[in-house]
Amino acid sequence: EIAHHLAESFLQNDLSSGFVVGVEGPWGSGKSSLINMALEELQRKARGAKIVKFAPWLIGNREELLTQLFSDLEPVILASLPSDEQDITKEILSRYSKASSGLAAVADLADLGGLPLAKKLGNLIRNSGKKAAQLTEASLGELNAKLRKKLEGLQYPILVFVDDLDRLEPAEAAEVLRLVKAVADFPNVAYILAYDPDVLARSVEQAVAISDGRAYLEKVIQASFKVPKAMNYDLQNWLRADISQLFDTEDLNSDTADRLERSLQQWCGEFIETPRDVIRLMNSLRLNFLPVKGRVDPGDMVFLEMVRIKNNALFNWIEEYVSNLSAIGDWGYVLPGAHERLGASLLVAIDAEG
């Protein structure tokens, strides 16, 4: 339902002049899944959009980002134009991509925000070294105007989806933002950027050497949508249903089933915070539980796997503790000071979570 309304909201905005939407949420909150469902919804609509999924993290050289973006856009743009306009549009796209390549790498968005196109391009050229010095402000401005005129005639808007922007290196993340703002802000081409706002703001601050990354993002992103936080009982019910299938809970005796249920009720609120946590836990249980099925307590197994994926230091401590208990059982001897050392290391392991 949220994806349906998100798709509708994209179309409510005037995409003819370009638009940049941010979908915000912490890692694992379901941004990608939500956006993909919304994009599927858009593609089913008669007045929907053409979709381009741009993957900047697959590009080794950040100066090639613009070239790759135009390469991804080209077939979608050409397919939306009449056949007699495709060859000339392809030529314009190619020339503009080559002319602009490298310029975005030196564009300082903090200075460029709000300036007219000609002055933007002039600033880019004056600051971009030998390659850009061969170009003229007029040549880039002319190409930009020609390209914009062609794009104004598109029958459908184009949505460019950039996922996990916050997982890029700071310089690469800032580069993508510069591309969107300074070079590729075309009519009928909208951008959907998925990111954790806190992480991306810090990346921008580091890459651009500014103090307020949030203010920088506001220059690029025209509207944002925050992914709703999943309710813990929804996550717990989802996890319970998957665990029931994996553990064959109908075959468990009542004591074992009660221990498993208590483990879920007690520890889901502590360790399961996002949809990704549920997926990671179930993947881990399938890998680790099945080989020892029938030899371990399901409640303990669920608790230990929650700990392992969320606090590996604590899991390692538990493993060492159990190993020591086993040794004590064999030898009946505790080294002097062992309990103090183990206690101190436990405090270190749980310190991050308090």
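A brief report on the enclosed structure follows. (Residues numbered from 1 in each chain as written. Predicted model: local features only at pLDDT ≥ 70, side-chain atom pairs only at ≥ 80, totals over all residues. Heavy atoms only, no water.)

**Let's talk about helix H15 (residues 298-310)**
Phase 1 of the analysis: Over its 13 residues, H15 extends 18 Å from the first C-alpha to the last, a length consistent with the 18 Å expected when each residue adds 1.5 Å.
Phase 2 of the analysis: Along H15, the positions that sit buried rather than exposed are Pro298, Gly299, Met301, Val302, Glu305, Met306, Val307 and Ile309.
Phase 3 of the analysis: Taking the backbone nitrogen of Gly299 as reference, a side-chain oxygen 3.1 Å away marks Asp297 as the first, capping residue of H15. (Helix = DSSP H or I, 4+ residues; strand = E, 2+ residues; numbered from the N terminus. Expected span 1.5 Å × (residues − 1). Buried < 20%, exposed > 50% of the residue type's maximum accessible area, 1.4 Å probe, protein only. Polar contact = N/O pair within 3.5 Å; in protein donor to acceptor, adjacent residues only side chain to side chain.)

**What about the packing of aromatic side chains?**
Phase 1 of the analysis: Applying the stated rule across the entire model yields five aromatic pairs.
Phase 2 of the analysis: With a centroid separation of 4.9 Å and 50 degrees between ring planes, the pair formed by Trp267 and Phe303 is classed as tilted. Of this pair, Trp267 sits in helix H13 (residues 254-271) while Phe303 sits in helix H15, and the two are 36 residues apart along the sequence.
Phase 3 of the analysis: Judged by relative accessible area, Trp267 falls into the partly exposed class, the value being 25%. (Phe/Tyr/Trp six-rings, centres within 6.5 Å; stacked < 30°, edge-to-face > 60°.)

**Looking at the pairing of strand E4 (residues 189-195)**
Phase 1 of the analysis: With seven of its seven residues buried, E4 lies for the most part within the structure.
Phase 2 of the analysis: Burial along E4 is two-sided: the face carrying Val189, Tyr191, Leu193 and Tyr195 and the face carrying Ala190, Ile192 and Ala194 are both buried.
Phase 3 of the analysis: Pairing geometry for strand E1 (residues 19-24) and E4, over six bridges, is parallel. Looking at the pairing, Val23 lines up with Ala194 of E4.
Phase 4 of the analysis: Where strand E3 (residues 158-162) meets E4, five bridges bridge the pair, whose relative direction is parallel. The residue of E4 that forms the bridge with Leu159 is Ala190. (Pairing = 2+ DSSP bridges.)

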